[in-house]
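What follows is the residue order along each chain.
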Amino acid sequence: MASPLETYRVSAYNTSKFSENKIHDDAVARKFGFSGGLVPGVDVFAYMVHLPVAKWGRAFLERGLIEARFVKPVYDGEIAHVSGEESNGVLSIEVESRGQLCATGSASLPASAPSFAMADYSAAVPVAERQPVNAASYEIGKWLGTVPRAWAGAAATEYLHDVREHDPIYAREGLGHPGLLQRIMNKVLVDNAILGPWIHVGSKMQLLSAARSGDELTARAKVTGNYEKKGHRFVELDALVLANGTTPLAHCQHIAIYQPREQAAA
């Protein structure tokens, strides 16, 4: 029997308004048919994480499975309604804003975290000099690395504020938010090419260990897809995100449009 959870309401915030990715800029986003700059998909993903963490607590941060697909934009300053319903151990999640369905997903709590061998994921360094993106930037089978990043102290607190996360578990137990691992997956793309406007469209993430605040995060990512669909160019990644180069934190599958189709001028 399905059991609904209390709806989580977030005043969405565009954390990337001034980033290199101009899909988050109001004027540029309108050229692609949007009404304004998009709230990053990785941050909408972070909103969705709130429900399974509220339900399962630290256990979810240690071994939870969550996936999401972004179908409509969430815009800065709008209220995102994150609703969930559990049935047979699976939590179905939806995000609605402006009366539209913006994201769908699911989460569950496996009995134990699956095992992934670091040796199966080749270590790579990001390109020495980024070049404008083209099909060769993300060739199928290519291994991509990231510049190490850490969110500690004030940076960790600022991140939680930016994604409107008030669950005390992160500060109380010194844990990193899973949304940071999604940011690292985006950095796989950004650290290896100069991108124009681009869009994160979906992710699946199996958590393997709880991240600690201040962990140095990197990814070992393999390109598993690179294709055109409806005028968009897509890339798919399969990766391990690591803490301090030694501890697998998550197995992630990530899909993005790295060259969106621009709408014809009216």
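Treat the numbers as computed from the prediction; the structure is a model and nothing was measured.

Asker: Can you walk me through the overall build of the protein in this structure?
Answerer: Helix and strand content of the protein: six helices and 12 strands. For the protein, the C-alpha radius of gyration of 18 Å lies close to 18 Å, the compact-globule estimate for 266 residues. With respect to the three principal axes, the spread of C-alpha positions in the protein is 45 × 45 × 35 Å. Counting all 266 residues of the protein, 49% fall into the buried class. A sequence separation of at least 24 residues applies to 72% of the contacts in the protein between residues at least 6 apart. Accessible surface computed for the protein: about 11900 Å², of which carbon and sulfur atoms make up 50%. A distance of 3 Å separates the average location of the 26 positive side-chain charges in the protein from that of its 28 negative side-chain charges.

Asker: Before we go on, may I ask you to explain unusual backbone geometry in this structure?
Answerer: Working note: non-glycine residues mostly have negative phi, and peptide bonds are mostly trans. Residue Asn88 is not a glycine yet carries a positive backbone phi of 55 degrees. Mapping Asn88 onto the fold places it in the loop between β4 (79-87) and β5 (90-97). Of note in this structure, Lys230 is not a glycine but carries a positive phi near 55 degrees. As for its placement among the helices and strands, Lys230 is situated in the loop between β10 (216-229) and β11 (232-243). Using a relative accessible area of 67% as the deciding quantity, one classes Lys230 as exposed.

Asker: Would you explain empty space enclosed by the protein in this entry?
Answerer: If a probe as big as a water molecule is rolled over the atoms, it shows which places are left empty. Under the criterion given, the structure shown has two cavities of 30 Å³ or more. Taken as a whole, the largest cavity encloses approximately 50 Å³ of empty space. Forming the walls of the largest cavity are Trp151, Gly176, Leu180, Ala211, Arg212, Ser213, Gly214, Asp215 and Leu217. Its residues assigned to classes, the lining of the largest cavity shows four nonpolar, three polar and two charged. Approximately 40 Å³ is the volume found for the second largest cavity. Of the residues in the lining of the second largest cavity, the class split is six nonpolar, three polar and no charged.

Asker: What exactly am I supposed to notice about the packing of aromatic side chains here?
Answerer: The way to describe two aromatic rings as a pair is by their centre distance and the angle between their planes. Applying the stated criterion across every chain yields a total of four aromatic pairs. Geometrically, the ring pair formed by Trp56 and Phe60 is stacked, given 6.0 Å between the ring centres and 15 degrees between the ring planes. Taking relative accessible area as the criterion, Phe60 reaches 0% and is therefore assigned buried. For the pair Tyr121 and Trp143, a centre-to-centre distance of 5.9 Å together with 80 degrees between the ring planes defines the contact as edge-to-face. Residue Tyr121 is located in the loop between β6 (100-108) and β7 (143-144), and its partner Trp143 is located in strand β7; the two are separated by 22 residues in the primary sequence. Judged by relative accessible area, which is 10%, Tyr121 ranks as buried.

Asker: Honestly, the pairing of β5 in this entry has me stumped. Any pointers?
Answerer: Residues Leu91, Ile93, Val95 and Ser97 of β5 are buried on one face, while the alternating residues Val90, Ser92, Glu94 and Glu96, pointing to the opposite face, are not. Sheet analysis places β4 next to β5, joined by seven bridges and oriented antiparallel. Across the sheet, Glu85 pairs through a bridge with Ser92, a residue of β5. Sheet analysis places β5 next to β6, joined by eight bridges and oriented antiparallel. Opposite Glu94, over in β6, you have Thr104 as the bridge partner. Hairpin connection from β5 to β6: two residues lie between these consecutive antiparallel strands, with Arg98 at a positive phi of about 55 degrees.

Asker: Sorry, what's going on with the environment of His81 here?
Answerer: Structurally, His81 is set in strand β4. Sequence-wise, His81 and Cys102 are 21 residues apart; in three dimensions their C-alpha atoms are separated by 9.6 Å. Sequence-distant contacts of His81, that is, excluding residues within four places in its chain, are made with Thr7, Tyr8, Arg9, Glu94, Val95 and Glu96. A distance of 3.4 Å separates a polar atom in the side chain of His81 from a polar atom in the side chain of Arg9.

Asker: Would you mind showing me how to read the pattern of salt bridges here?
Answerer: If charged atoms from side chains of opposite charge come close, those side chains can pair. This structure, assessed with the given rule, holds seven salt bridges. The salt bridge involving Arg172 is made with Glu173; its shortest N-O contact spans 3.3 Å. Here Arg172 falls in the exposed class, since its relative accessible area comes to 56%. Looking at Glu173, the relative accessible area reads 24%, which means it is partly exposed. In this structure, a network of salt bridges that share partners links the residues Arg58, Glu62, Arg172 and Glu173.

Asker: What should I look at first to understand the side chain of His251 in this one?
Answerer: Along the chain, His251 turns up in strand β12 (residues 247-259). For His251, a relative accessible area of 11% corresponds to the buried category. Polar side-chain contacts of His251 include one of 3.4 Å to the side chain of Tyr121. When residues no more than four places from it in sequence are discounted, the contact partners of His251 are Phe116, Tyr121, Lys204, Met205, Gln206, Leu208, Asp238, Ala239 and Leu240.

Thresholds, definitions, all that
Here, residues in each chain are numbered from 1, in the same order as that chain's written sequence. This being a predicted model, a pLDDT of at least 70 is required before a residue's local features are given, and a value of 80 or more before pairs of side-chain atoms are given or counted; all residues contribute to the totals for chains, interfaces and linings. With hydrogens and water set aside, each side-chain value is computed from the structure's full complement of heavy atoms. A run of H or I in DSSP becomes a helix once it reaches four residues, and a run of E becomes a strand once it reaches two; helices and strands are each numbered from the N terminus. For a compact globule the rule gives 2.2 Å times the number of residues to the power 0.38, and the radius of gyration it is set against comes from C-alpha atoms. Here's how the labels work: a residue is buried when its accessible area is under 20% of the maximum for its type, exposed when over 50%, partly exposed in between, all with a 1.4 Å probe on protein chains only. Contact definition: two residues touch when any of their heavy atoms are within 4.5 Å. Under the convention used here, a 1.4 Å probe and the Shrake-Rupley method define accessible areas, while residue burial counts only the protein chains that appear. Asp and Glu count as negative and Lys and Arg as positive, but His and the ends of the chain are not part of the count. Every charge is mapped onto a representative atom, which is NZ of Lys, CZ of Arg, CG of Asp or CD of Glu. Cavity: a set of points on a 1 Å grid over the protein atoms alone where a 1.4 Å probe fits but cannot get out. Pocket: an open set with protein on both sides within 12 Å along at least five of seven lines, its lining residues, like those of a cavity, having an atom within 4 Å of a point. Grid points are joined across faces, edges and corners, and a volume is the space filled by probe spheres set on the points. Basically, the charged four are Asp, Glu, Lys and Arg, the nonpolar ten are Ala, Val, Leu, Ile, Met, Phe, Trp, Tyr, Cys and Pro, and anything else, Gly included, counts as polar. Classification of ring pairs uses Phe, Tyr and Trp, with its six-membered ring standing for Trp, and accepts pairs whose centres are within 6.5 Å; under 30 degrees between planes counts as stacked, over 60 as edge-to-face, and the remaining range as tilted. Any two strands between which DSSP finds at least two bridges are classified as paired. Any N or O atom pair separated by 3.5 Å or less is treated as a polar contact, with the protein-specific requirement of one donor-capable and one acceptor-capable atom, and with residues adjacent in sequence counted only for side-chain atom pairs. Any carboxyl oxygen of Asp or Glu within 4 Å of a side-chain nitrogen of Lys or Arg constitutes a salt bridge here.

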